[in-house]
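Close look at the chain arrangement
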Amino acid sequence: MKKIIRVLLFLPLCLQLTSCSDDDNSTNTGDDTGVTPVVLPQNITFESPSLYPEDFAYDADNKRFFMGSVYTGNIVSVDLEGKVTVFAESDDLIATVGILFDKANNQVVVCNANPGFTDQGQTATTGVLATVIRYDATTGERVSSHDLSTLFEGGHFINDLVLDDKGNLYVTDSFSPVIYRITADGVSSVFATDPLFETAPMTFGLNGIEFHPDGYLLVTHYQNQILYKVSIADPTDITEVAVVEELGSGDGIRLMDNTNLLFVNNSLIGGEQTIFSINSTDGWATGSVSKSASLGSGSDFPTTVEFANETPYVISSYITEIATGTGSAASKFEINQINF
């Protein structure tokens, strides 16, 4: 039976991204084993014309971030000094959104979608394209591709993705009330769908997703301003995480540990952009805000969080410039450490 717990999460509707800038401060990560510690900068500013990165993933062995482009579709890597290298580009990459680094397989995995505000404009694939692509992280060669658009009737904007401890991928669709699963051996299917996930046509619903090692997913719903818990053993077991504080429209989320979650709030229509640290002591039946930090109210539009080693960073996407039609020529972007 489906369990539903009411949640208090109301604030303006948003979308998804992040922002940063250079700084001389840095963080050392290492130990006393004689290994030279990695010096992590407080801020990384990098230049890549019209990149508009929505998500990013860290490759610790090579000290670089991978990120895609919501505008051009290109995938790049950015090192800790801000040097940008093209990792993958192709005519069929339209808007690369969610991205992760699969260390076990040495692969970069991305969501390829078409929200309609890319450099290609409105095309036949707008609101339709939904492809998850794997790349060899060393060579940049395409390893596999999974078309999810035929699995569920409706519009599509695959947004975020996460791996579980068995190598299965879970993918959110912001335009359809669906979480997809791609098994470790490559079988794609609808994992979970529910009226709770529904949203108005071509508006953002399901968004950020995270895997909890106790056997469930945590998923944000952008328009409804809700954090859901979805059982992996029984995907009809869906609950709303009851958070007393108003969090607003959740974009990217990342677990710091089993009981603490970083939650990025942003807004397409202005207002405060905030990152929350949410704590739960009851297996994510409920949660409460333990810390928060303002990310400003500018056009940088923070979208998600990533850890470099154990240090959390947030990225500025400036996506509102292209989503609202006010620009497409930004060339400088930032990654910032999160300091509460």
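Look up a bit, the structure's there.
Attention shifts here to the pattern of salt bridges. In the structure shown here, the tally under the stated rule is seven salt bridges. Residues Lys-103 and Asp-61 are paired through a salt bridge, measuring 3.9 Å at the closest nitrogen-oxygen approach. Residue Lys-103 is located in the loop between strand S8 (95–102) and strand S9 (107–113), and its partner Asp-61 is located in the loop between strand S4 (56–59) and strand S5 (64–67); the two are separated by 42 residues in the primary sequence. Since its relative accessible area comes to 54%, Asp-61 is described here as exposed.

Strand order in the open sheet made by the five strands is S20-S24-S23-S22-S21, with mixed pairing throughout. The open sheet has two edge strands with one neighbour each: strand S20 (242–243) and strand S21 (250–257). Pairing of S20 with strand S24 (residues 286–294) involves two bridges; the strand directions are parallel. Paired with Ala-242 across the bridge in S24 is Thr-286.

Attention now moves to the nonpolar core. Residues Phe-65, Met-67, Val-132, Ile-158 and Ile-335 are the most contacted members of the largest nonpolar core, which totals 46 residues. If near-sequence neighbours (up to four positions away) are discounted, Val-132 is found in contact with Val-109, Val-110, Ser-144, Ser-145, His-146, Leu-148, Ile-158, Leu-161, Leu-169, Val-171 and Ile-182. Counting residues in hydrophobic clusters, the runner-up holds 17 residues, among them Val-162, Ile-179, Val-219 and Tyr-228.

Once that is clear, we can look at the environment of His-221. Along the chain, His-221 falls in strand S17 (residues 216–221). Filtering out sequence-adjacent residues up to four positions away, His-221 remains in contact with Leu-196, Phe-197, Glu-198, Thr-199, Phe-204, Gly-205, Leu-206, Ile-226 and Tyr-228. Engagement of the side chain of His-221 in a polar contact is seen with the backbone oxygen of Phe-197, the distance being 3.0 Å. Engagement of the side chain of His-221 in a polar contact is seen with the backbone nitrogen of Asn-224, the distance being 3.0 Å.

On inspection of all chains with the given rule, the structure shows 17 aromatic pairs. A ring pair is formed by Tyr-52 and Tyr-71, whose centres lie 6.0 Å apart and whose planes are at 65°; its orientation type is edge-to-face. Here Tyr-71 lies in the loop between S5 and strand S6 (75–79) and Tyr-52 lies in the loop between strand S3 (43–47) and S4, a separation of 19 residues in the sequence. Each member of the pair, Tyr-52 as well as Tyr-71, carries the same accessibility label: buried. Ring centres of Phe-204 and Tyr-222 lie 6.4 Å apart, and the angle between their planes is 65°; on these two criteria the pair is classed as edge-to-face. Of this pair, Phe-204 sits in the loop between strand S15 (188–193) and strand S16 (206–212) while Tyr-222 sits in the loop between S17 and strand S18 (226–231), placing them 18 residues apart in sequence. Residue Phe-204 shares its accessibility class with Tyr-222, and that shared class is buried.

Pairing within the open sheet is antiparallel, and its four strands lie in the order S16-S17-S18-S19. At either end of the open sheet lies a strand with only one pairing partner, and these are S16 and strand S19 (238–240). On average, each strand axis in the sheet is inclined to that of its neighbour by 25°, with strand direction left out of account. Of the pairings in the sheet, the one linking S17 to S18 comprises six bridges and is antiparallel in character. Residue pairing across strands places Thr-220 opposite Leu-227, the latter belonging to S18.

Here is what the cut-offs are and how they apply
- Residues numbered from 1 in each chain as written.
- Predicted model: local features only at pLDDT ≥ 70, side-chain atom pairs only at ≥ 80, totals over all residues.
- Heavy atoms only, no water.
- Salt bridge = Lys/Arg side-chain N within 4 Å of Asp/Glu carboxyl O.
- Helix = DSSP H or I, 4+ residues; strand = E, 2+ residues; numbered from the N terminus.
- Buried < 20%, exposed > 50% of the residue type's maximum accessible area, 1.4 Å probe, protein only.
- Pairing = 2+ DSSP bridges.
- Core = buried A, V, L, I, M, F, W, Y, C linked by side-chain atoms within 4.5 Å.
- Contact = heavy atoms within 4.5 Å.
- Polar contact = N/O pair within 3.5 Å; in protein donor to acceptor, adjacent residues only side chain to side chain.
- Phe/Tyr/Trp six-rings, centres within 6.5 Å; stacked < 30°, edge-to-face > 60°.
- Axes fitted to C-alpha atoms, helices over the stretch in contact; angles between N-to-C directions.

Spatial relationships are all this shows, so hold off on functional conclusions.
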